Amino acid sequence: MLAVVPTPVTVRAPAKVNLHLAVGDLRADGYHDLTTLFQSLSLTDEVTVAVADEAGLDVRGEGAESVPTDSSNLVWKAVRALAAHVGRDPDEPKLRITINKGIPVAGGMAGGSADAAATLVALAHLWRLEMGRDELATVAAELGSDVPFVLQGGLALGTGRGEQLVPVLSRHTYHWVIALDSGGLSTPEVYRELDRLRADGNPPRVGAVEPVLEALASGDPNQLALLLGNDLQAAAVSLRPGLRRTLRAGVNAGALAGIVSGSGPTCAFLCSDGDAAVRVAAELSGAGVCRTVRVAQGPVAGARVITGDDAARPTPPEVHA
Ligand SMILES: C[C@@](CO)(OP(=O)(O)O)[C@H](O)COP(=O)(O)OP(=O)(O)OC[C@H]1O[C@@H](n2ccc(N)nc2=O)[C@H](O)[C@@H]1O
Ligand SMILES: Nc1ncnc2c1ncn2[C@@H]1O[C@H](COP(=O)(O)OP(=O)(O)O)[C@@H](O)[C@H]1O
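Position numbers for residues count from 1 along each chain, tracking the sequence in the order it is written. Here every chain gets a letter starting at A, and every ligand a number starting at 1, in the order they are written. Only residues with pLDDT of at least 70 are given local features in this predicted model, and only at 80 or more are side-chain atom pairs given and counted; all residues enter the totals for whole chains, interfaces and linings. Only heavy atoms go into the side-chain values, all of them from the structure, while hydrogens and water stay out.

### What about the site of ligand 2?
The test is simple: When at least one non-hydrogen atom of a residue lies within 4 Å of a molecule or strand, that residue is treated as near it. Definition of a polar contact: a pair of N or O atoms within 3.5 Å, with one able to donate and the other able to accept a hydrogen when the atoms are protein atoms, and with sequence-neighbouring residues admitted only if both atoms are side-chain atoms. Only the protein chains shown count as covering a residue, and every accessible area follows the Shrake-Rupley method with a 1.4 Å probe. Grid points spaced at 1 Å over the protein atoms alone were grouped into cavities, where a 1.4 Å probe fits but cannot get out, and pockets, open sets with protein on both sides within 12 Å along at least five of seven lines, with lining residues defined by an atom within 4 Å of a point. In this scheme, a molecule is assigned to a cavity or pocket if more than half of its atoms are within 2 Å of the grid points.
The environment of ligand 2 is formed by 18 residues, the closest being Ala106, Gly108, Ala110, Gly112 and Asp115. Interatomic distance of 3.0 Å between a side-chain N/O atom of Asn73 and a nitrogen atom of ligand 2. Contact distances for ligand 2 include 2.8 Å between an oxygen atom and a backbone N or O atom of Gly112. In isolation ligand 2 offers 540 Å² of accessible surface; the protein chains occlude 78% of this area. Put simply, ligand 2 lies in the largest pocket.

### A closer look at helix α9 (residues 243-252)
Because the α-helix completes a turn every 3.6 residues, residues three or four places apart line up on one side. Let me state the cut-off plainly: Buried means the residue's accessible area, taken with a 1.4 Å probe over protein chains only, is under 20% of the maximum for its type, while exposed means over 50%, and partly exposed covers the values in between. Starting at the N terminus, helices and strands are each numbered in turn, a helix being any DSSP run of H or I of at least four residues and a strand any DSSP run of E of at least two. Here, the arc refers to the directions that run from the helix axis to the C-beta atoms. Contacts are assigned to residue pairs that have any heavy atoms within 4.5 Å of one another.
Buried within α9 we find Leu243, Thr246, Leu247, Ala249 and Gly250. For α9, the arc enclosing every buried residue in end-on projection is 165°, short of the 170-degree limit, so these residues lie on one face. Along α9, the residues that are exposed and aim more than 90 degrees away from the buried face are Arg244 and Asn252. Tucked inside the fold, the buried residues of α9 contact β7 (174-180), α8 (233-239), β9 (257-260), β10 (267-271) and α10 (274-285).

### Brief notes about the site of ligand 1
Just so we agree on the cut-off: Residues are sorted three ways: Asp, Glu, Lys and Arg are charged, Ala, Val, Leu, Ile, Met, Phe, Trp, Tyr, Cys and Pro are nonpolar, and all the rest, Gly among them, are polar. Domains are outlined according to an automatic or database domain assignment.
The full set close to ligand 1 counts 21 residues, and His32, Ser145, Thr187, Tyr191 and Ser263 are the nearest of them. Asn18 places a polar side-chain atom, nitrogen or oxygen, 3.1 Å from an oxygen atom of ligand 1. Residue Thr187 places a side-chain N or O atom 2.7 Å away from an oxygen atom belonging to ligand 1. Coverage of ligand 1 by the protein amounts to 83% of the 690 Å² it exposes when considered alone. Counting atoms within 2 Å of the grid points, the majority share of ligand 1 lands in the largest pocket. Among the elements of the structure, β1 (9-26), β2 (32-51) and α5 (187-200) are those that each provide at least two residues to the shell around ligand 1. Looking at the shell around ligand 1, its residues break down into 8 nonpolar, 10 polar and 3 charged. Each of domain 1 (9-169) and domain 2 (174-298) accounts for three or more of the residues forming the shell around ligand 1.

### Describing the domain arrangement of the protein chain
The line we're drawing: Buried area counts how much accessible surface, traced with a 1.4 Å probe, disappears from two parts once they are put together, with both parts' losses summed. For this analysis, a salt bridge means a side-chain nitrogen from Lys or Arg found within 4 Å of a carboxyl oxygen belonging to Asp or Glu.
Each assigned domain of the protein chain is listed with its residue range as follows: domain 1 (9-169) and domain 2 (174-298). Between domain 1 and domain 2, the contact holds 31 residues from the first and 37 residues from the second. Note on domain 1 versus domain 2: buried area summed over both sides is about 2,500 Å², and carbon and sulfur give 60% of it. Remark: the boundary between domain 1 and domain 2 carries 2 salt bridges. Note that Arg291 and Glu62 form a salt bridge whose closest N and O atoms lie 2.8 Å from each other. There are 15 residue pairs in polar contact (both at pLDDT 80 or more) connecting domain 1 and domain 2. Broken down by secondary-structure element, the contributors of at least two residues to the side of domain 1 that touches domain 2 are β1, β2 and β5 (155-159). Looking at the side of domain 1 that touches domain 2 residue by residue, the classes come out as 17 nonpolar, 11 polar and 3 charged.

### A word on α5
Test applied: For a helix, the expected span equals 1.5 Å multiplied by the number of residues minus one.
Here α5 is 14 residues long and its end C-alpha atoms lie 20 Å apart, about the 20 Å a rise of 1.5 Å per residue gives. Taken as a whole, α5 has its buried residues at Val190, Tyr191, Glu193, Leu194, Leu197 and Arg198. Viewed along the axis of α5, the buried residues span an arc of 155°, placing them on a single side of the element. The exposed set on the far side of α5, more than 90 degrees from its buried face, consists of Arg192, Ala199 and Asp200.

### Considering the packing of aromatic side chains
Any pair of aromatic rings gets described here by the distance separating the centres and the angle formed by the planes. Spelled out, the test is: Any two rings among Phe, Tyr and Trp, with Trp reduced to its six-membered ring, count as a pair given centres within 6.5 Å; such a pair is stacked if its planes are under 30 degrees apart, edge-to-face if over 60, and tilted if neither. For a lysine, the NZ atom is tested; for an arginine, the CZ atom; a charge sits over a ring if that atom is within 6 Å of the ring centre and within 35 degrees of the ring normal.
Under the definition given, this model contains 1 aromatic pair. Taking 4.6 Å as the distance between ring centres and 10° as the angle between the ring planes, the aromatic pair formed by Phe38 and Phe149 counts as stacked. A residue pair is termed long-range when its members are at least 10 positions apart, and Phe38 in strand β2 and Phe149 in helix α4 (residues 147-152) qualify at 111 residues. Side by side, Phe38 and Phe149 carry an identical accessibility label, which is buried. The ring of Tyr31 has Arg161 sitting right over it, with the charged end atom 5.1 Å from the ring centre.

### A short note on the UniProt feature "domain: GHMP kinase C-terminal" (unreviewed entry) in the protein chain
To be explicit about the condition: UniProt positions are given in the numbering used here, feature names are shortened, and annotations may be inferred rather than shown by experiment.
Under the local residue numbering, the UniProt record ascribes the feature "domain: GHMP kinase C-terminal" (unreviewed entry) to residues 213-287. The span residues 213-287 carries 53% helix and 15% strand; its end-to-end C-alpha distance comes to 33 Å.

### Quick word on the environment of Ala253
Residue position: Ala253 is located in the loop between α9 and β9. When neighbours within four sequence positions are excluded, Ala253 is seen to be in contact with Val280, Glu283 and Leu284.

### Focus: the side chain of Arg161
Formally: Here the positive residues are Lys and Arg and the negative ones are Asp and Glu; neither His nor the chain ends is included.
By secondary structure assignment, the location of Arg161 is in the loop between β5 and β6 (164-167). In this structure Arg161 is buried but unpaired, with Glu163 as the nearest side chain of opposite charge at 4.3 Å. Among the polar contacts listed, one links the side chain of Arg161 to the side chain of Ser145, at a separation of 3.1 Å. Excluding its chain neighbours within four sequence positions, the residues that come into contact with Arg161 are Arg27, Tyr31, His32, Leu34, Ala141, Gly144 and Ser145.

Here you go:
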């Protein structure tokens, strides 16, 4: 009898920016307790999972050359984790995975996490698993602190190491300019640098999260801009001092405020509306402070299956500095 080969599944998953990132003390397990507000952004990766005669991984797009294709890639970790969770053989049938990257690599925007979340959703579809999003989220949390959020998308308050999520109702769209750096920063190194700065002195700490939630409820980007904050910013700037210039240049170009995205080095600039974002992007791209500039909106949906022509959609507008 002929075996039916399932149709390949393509899943799109979003980047994130932390609107508020309060980092607590170092825990015994090596993580830090966080209080963070995540917003998903319209910079996305697409992951296609297909059953094939030979297993393999192709990575294309933004920063593809710096992404590992061996078993350390988060998509293979996602395959192994989900297979273990449901008691399947991760190696049969063999899988061919293609990642199309639109999210900067090691940029503080959860690109690897987005690929892991996308792989979980694709496999749940391909393997016809009867799993709810909550069950998928428990597997996601094993793969990384940011993976549950990019699986869920939208706007959410994250606690614990960032994996415990409460969705935040959002009726407003925010417009961003994203400045991509020429290199990446290692997340553990940035956390270590913050510990070092705190041992030596008193780097600035963000305030309470409640006013940020109120600003989000108002939908006024001017109000939100005053409250954006990231405890990791001082550490990212300490490791990459040029980010100070980038942050200044975005505000000089007309953004309401600029922030280092998560552990950096990507910087995110909040703008008053879509037209302002295009103007800021054009001016910032000529300032010589970053590699590339993108325009993005948030919040957007979490990891979801896309089909047909939609999968061939062009990448977001790009302006080279
Ligand atoms: C900083 C943040 C902010 O959202 O994102 P990025 O900017 O890297 O995307 C996250 O905390 C990154 O989450 P993620 O990239 O999933 O990190 P994980 O794989 O869970 O952890 C990598 C390492 O980062 C450090 N880590 C991570 C999370 C946390 N709450 N405390 C930590 O100290 C630990 O050293 C850990 O070993
Ligand atoms: N699918 C993947 N995409 C990107 N990076 C990956 C992936 N799998 C593993 N990595 C590794 O994870 C590191 C962090 O990448 P990424 O998730 O893009 O950054 P960040 O943690 O700053 O958001 C990369 O330097 C790379 O070595």
